[in-house]
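Observations on the model geometry
So the chains spell out like this:
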Amino acid sequence: MANLVFKYSAMNGGKTINILQTVYSYEAKGFKIVIIKSKKDTKGKNCILARNGMNRKVDILLKENESLLTEKNYKLYYTAKVILVDEVELLSEEQIKELWYIAHLINIPVLCYGLKSNFKGEIFGEGVSALFAIADIVEEIGSSSICPCGKKAIFNARKVNDKFTDVGPTIVIEDGKSANVEYVPLCSECYLKYVKIHSDEAKKLAKLVDKIK
Ligand SMILES: [Zn+2]
């Protein structure tokens, strides 16, 4: 039986390059691949774009409440050897459940790529919670992203007008339209130092640490 797989990394962790490499290696052997991404990802419109300039048109640009279990979508993926999902953190819990049924009732492997946490350092959303609960395999992508200090990045910090922040809506796409928003992958130490340090939570917990040290 096929599996539902969740492959995660912080931003700039090589997810899209990993997808495109998977596409080329399957297609070189003559297999059909189907790529899905959420319409919420406005970057690249109906394509997925890697930072090295490689790109690929997606087969299904999934709307917010669109089901994958429709005849129209089934016709697009039923002959696929594998289904790849980019920016999976933008999918709903319902859509993740549908992917699980596609893997286990239709027997097509589904590889999901995305972030596990948002810029606040919390589980990205209901889709990611569902993946942690029901994915057959959860794994970190090997070529993970690097913090400016050189350590492995865990967090996806948001900068607005060049200042780090942990308040604001969960989804703001860095697509060139919101020119004042950018994301910086950070390690835990740098996330604490640059983002969390002024929060009530950090003040409270740092006080407790000081007390017991
Ligand atoms: Zn760092």
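In this report, the structure presented in the accompanying data block is examined. In this text the structure is predicted, and so the values were computed from the model without any measurement. (Residues numbered from 1 in each chain as written. Predicted model: local features only at pLDDT ≥ 70, side-chain atom pairs only at ≥ 80, totals over all residues. Heavy atoms only, no water.)

Focus on the coordination of the zinc ion
Selection criterion: Note on donors: an N, O or S atom is included if it sits within 2.8 Å of the metal, or within 3.2 Å for Na, K and Ca, and water is never included, so sites can look incomplete. Only two sets of limits are used to name each site, 85 to 135 degrees for every angle of a tetrahedral four-donor site, and over 155 degrees for opposite donors with all other angles from 65 to 115 for a square planar four-donor or octahedral six-donor site, with any other site named irregular. For every residue, the accessible area obtained with a 1.4 Å probe (protein chains only) is divided by the maximum for its type, and the residue is called buried under 20%, exposed over 50%, and partly exposed between those limits.
Donor atoms from the polypeptide that bind the zinc ion are C147 (SG), C149 (SG), C187 (SG) and C190 (SG), placed at 2.3 Å. The coordination sphere of the zinc ion comprises 4 donor atoms, whose angles at the metal cover 102 to 116°; the geometry is tetrahedral. Accessibility expressed as a relative area gives 45% for C149, which makes it partly exposed.

A closer look at the sheet that holds strand β8 (residues 137-140)
To keep it simple, the criterion reads: Note on pairing: two strands pair once DSSP finds at least 2 bridges between them. Secondary structure elements are defined from DSSP: runs of H or I of at least 4 residues count as helices, runs of E of at least 2 residues count as strands, and each element is numbered from the N terminus. To get an axis, fit a line to the C-alpha atoms, keeping to the stretch in contact for a helix; angles then go from 0 to 180 degrees between the N-to-C directions. The criterion used for residue contact is that any of the two residues' heavy atoms lie within 4.5 Å.
The 6 strands are arranged β5-β2-β6-β7-β1-β8 in an open sheet whose pairing can be described as parallel. Across the chains shown, the open sheet's two edge strands, defined by having one partner strand only, are β5 (60-62) and β8. Adjacent strand axes in the sheet meet at a mean angle of 20° when their direction is disregarded. Bridge analysis of strand β2 (residues 33-38) against strand β6 (residues 82-86) gives 5 bridges, and the strand direction is parallel. Each bridged residue has a counterpart across the sheet, and for V34 the counterpart in β6 is I83. Contacts from helix α1 (residues 15-28) reach β2, β6 and β7 (110-114) within the one sheet, and its direction differs from that of β6 by about 160°. In the packing of helix α3 (residues 93-106) onto the sheet, contacts are made with β1 (4-8), β5, β6 and β7, and the angle to β1 comes to roughly 130°.

Observations regarding the side chain of T22
Inspection of the secondary structure assignment puts T22 in helix α1. Setting aside anything within four residues of it in sequence, one finds T22 in contact with L84, L111 and Y113.

Looking at the sheet that holds strand β10 (residues 163-165)
Read from one edge to the other, the open sheet built from 3 strands follows the order β10-β9-β11, with strand pairing classed as antiparallel. Each edge of the sheet is formed by a strand with only one pairing partner; in this case those strands are β10 and β11 (181-186). Strand-to-strand, the axes of this sheet are offset by a mean angle of 45°, without reference to chain direction. Pairing between strand β9 (residues 155-160) and β11: 6 bridges, direction antiparallel. Counted as the bridge partner of A157 is V184 from β11.

Some words on the packing of aromatic side chains
Each aromatic ring pair is specified by the distance between its two centres and by the angle formed by the two planes. How we decide: Stacked, tilted and edge-to-face pairs are distinguished by plane angle, under 30 degrees for stacked and over 60 for edge-to-face with tilted covering the rest, among Phe, Tyr and Trp rings (Trp via its six-membered ring) whose centres lie within 6.5 Å. The criterion is that NZ of a Lys, or CZ of an Arg, lies within 6 Å of the ring centre and within 35 degrees of the ring normal, and then a charge sits over that ring.
Enumeration over the complete set of coordinates arrives at 9 aromatic pairs. Ring centres 5.8 Å apart and planes at 45° place the aromatic pair F6 and Y8 in the tilted group. In this structure Y8 comes out as buried when scored by relative accessible area, which is 15%. Taken together, F6, Y8 and F132 form an aromatic cluster joined through their ring pairs. Lying over the aromatic face of F119, R158 brings its terminal NZ or CZ to 3.6 Å of the ring centre. The lysine or arginine in question, K159, covers the ring of F164, its NZ or CZ lying 5.0 Å from the ring centre.

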